[in-house]
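Here are the chains, one letter per residue:
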Amino acid sequence: MAVKHICCIGAGYVGGPTMAVIAQKCPDIKVTVVDINEKRIAAWNHEDLSKLPVYEPGLDEVVKEARGRNLFFSTEVDKAIEEAEMIFISVNTPTKTYGKGKGMAADLKYIELCARQIARVAKSDKIVVEKSTLPVRTASAIKSILENTGNNVNFQILSNPEFLAEGTAIQDLHAPDRVLIGGETSAEGERAIQELVDVYSQWVPKENILTTNVWSSELSKLTANAFLAQRVSSINALSELCEKTGADVNEVAKAIGMDSRIGPKFLKSSVGFGGSCFQKDILNLVYIAKTYGLNEVADYWEQVIIMNDHQKRRFANNIVSTLYNTVSGKKIAFLGWAFKKDTNDTRESAAIYVADDLLNEQAQIAAYDPKVEEEQMYADLDYLNTRSADENRQGLSVYRDPYEACKDAHAVAVLTEWEEFKEYDWKRIYDNMQKPAFVFDGRGILDKKLLNNLGFVYYRIGEGA
Ligand code: NAD
Ligand code: UGA
């Protein structure tokens, strides 16, 4: 039986782009992406493709090709579940903010709600695919919910974690390093795995589609994110030592990256990693290890987060101490608010935490980001609950013009590595700033020589004097 109808619950950063690409590459499959968030669905259906709720290079083209043909966005969750032979669950799995495991464990309430809804609505056999990132052994919880509803429907649960990175989602989906599919080892399990392999093999070479048991697949996703984040924390840990010793972290990264066992990727020192997943997934891994009593394993991985928090705080502290130990009343321009370039996503962005620290020091922050809306920046600060919403609005001003943001500033801080920052007229920025004019490059992207020649006092993360 070839799958003809796919439903995906959750139209977020993963559900939207992933399903758009499946629909693009499999024109014979009807793909319906559903969400309870009406505003989000309306945005996915917006005629003007620049209004899609997720900004990703190339996404508009994919949506344009498939939407209305075999790709649909809808709030009618029950209908889409009923129609589909294969249901992806791609809802959010944030860190728990209450109860047992607060601040560490993944909150699975949305996953459970989906499972219960599928159980209630399904009248025919379904393959349920975990697309969300989940703690190892979640499939058994989903299975137990689905199998105890008494409506005689057979369910197969697959784990198919997503490895796309934001900003390159379409590229990653078109040519993934690998697609991972975990399933039961029974004959039914293998049939279900094959159904999903058949979907991906429409465009992914067979040798890049890896099949495993469910638990390996679930755990591989957490492990992959932990390893990636660990590389960033490792290079960031060294960046501080470089600054003290006169070494340059970029040169160190290049030197070690040429060792083929280490490899050159993911060694860019920064103001700290952000994004919705690294921290959440490592905390989840730490929590799982602790629940099995594996305290050394838990402590080992927790250090990745501790180092990252330190990196963000140290960047803010350096601004304060360099500006003569006070930023009170001083305008500090922020270039970038998103957690990385080419996305409008700000979840866990280092910029939020650096801003929070500087607001505690009574700085006046002037933020500019090419893709992030003003209200999002305020919402990010309000979410921290450090001060009132009014105080956040007094301390942070949001600009649509980077030159205005930098005008009269004592310092410019680069928080995101947007390409356009490199192209700015830095002389114009310098002329309109307070003197001495400082630049704190938290991404190491600007031309040091040029900035020094213009008269800036330039600080680059990981570069010793
Ligand atoms: P998101 O918050 O952008 O989207 C989740 C969507 O699910 C929301 O729109 C929400 O309204 C919807 N939703 C929640 N409960 C629902 C329900 N019961 N019925 C219908 N809709 C419901 O999250 P995301 O960034 O797309 O992440 C989703 C999952 O994918 C997470 O587990 C995450 O860890 C994982 N993941 C994310 C990325 C990434 O780059 N963002 C990459 C790989 C994996
Ligand atoms: C990351 C993983 O790369 C994806 O494979 C995974 O699917 C995803 O998490 C997820 O599970 O959500 P993403 O967070 O979108 O993707 O972006 P990354 O490119 O991994 O960057 C994460 C953060 O690390 C960013 O803040 C980035 O600026 C920072 N980073 C990355 C560095 O500081 N240095 C680097 O060398 C690389």
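Predicted, not measured: the structure shown is a model, and the values here were computed from it.

1. Topic: the domain arrangement of the chain
Move 1: You can read the domains of the chain as domain 1 (5-204) and domain 2 (278-460).
Move 2: Put simply, the middle of domain 1 and the middle of domain 2, counted by C-alpha atoms, are 33 Å apart.
Move 3: Taken together, the contacts link 14 residues of domain 1 with 14 residues of domain 2.
Move 4: Taken together, the residues of the side of domain 1 that touches domain 2 break down into nine nonpolar, four polar and one charged.

2. Quick notes on the site of ligand 2
Move 1: In the region of ligand 2, 20 residues are neighbours, and Lys 268, Ser 270, Phe 273, Gly 275 and Cys 277 sit closest.
Move 2: At three residues, helix α9 (residues 214-245) tops the list of elements feeding residues into the shell around ligand 2.
Move 3: Considering only residue class, the shell around ligand 2 consists of eleven nonpolar, five polar and four charged.
Move 4: Built from parts of two domains, the shell around ligand 2 gets at least three residues from each of domain 1 (5-204) and domain 2 (278-460).

3. Digging into the site of ligand 1
Move 1: Gly 10, Gly 12, Tyr 13, Ser 132 and Thr 133 are the nearest of the 27 residues found near ligand 1.
Move 2: The biggest single contributor to the shell around ligand 1 is helix α5 (residues 109-121), with three residues.
Move 3: In terms of residue class, the shell around ligand 1 is made up of 13 nonpolar, ten polar and four charged.

4. Quick word on the environment of Val 21
Move 1: Along the chain, Val 21 turns up in helix α1 (residues 15-25).
Move 2: Separated by 41 residues in the primary sequence, Val 21 and Val 62 place their C-alpha atoms 6.7 Å from one another.
Move 3: Residues contacting Val 21, with those up to four places away along its chain left out, are Val 62, Ile 170, Leu 173 and His 174.

5. Focus: unusual backbone geometry
Move 1: Omega for the bond connecting Lys 435 with Pro 436 falls within 30 degrees of zero, at -10°, which places this linkage in the cis form.
Move 2: On the secondary structure map, Pro 436 appears in the loop between α18 (426-431) and β13 (438-441).
Move 3: Non-glycine residue Arg 137 carries a positive phi angle of around 90°.
Move 4: Structurally, the position occupied by Arg 137 is in the loop between β5 (126-130) and α6 (138-147).

6. Some details on helix α12 (residues 295-322)
One turn of the α-helix equals 3.6 residues, which is why residues spaced by three or four share an orientation.
Move 1: Taking 1.5 Å of rise per residue, the 28 residues of α12 would be expected to cover 40 Å, and the 39 Å separating its terminal C-alpha atoms lies within 8% of that figure.
Move 2: Among the residues of α12, Trp 301, Val 304, Asn 308, Gln 311, Lys 312, Phe 315, Ala 316 and Ile 319 are the ones counted as buried.
Move 3: Where the residues of α12 are buried, they touch α9, α11 (278-291), β9 (331-335), α13 (350-360), β12 (411-414) and β13.
Move 4: Phi for Tyr 324, located one or two positions after α12, is positive at around 60°.

What counts and how
Residues numbered from 1 in each chain as written. Chains lettered and ligands numbered in written order. Predicted model: local features only at pLDDT ≥ 70, side-chain atom pairs only at ≥ 80, totals over all residues. Domains from an automatic or database assignment. Contact = placed C-beta atoms within 7 Å. Nonpolar A, V, L, I, M, F, W, Y, C, P; charged D, E, K, R; others polar. Near = placed C-beta within 6 Å. Helix = DSSP H or I, 4+ residues; strand = E, 2+ residues; numbered from the N terminus. Expected span 1.5 Å × (residues − 1). Buried ≥ 20, exposed ≤ 12 C-beta atoms within 10 Å, placed from the backbone.

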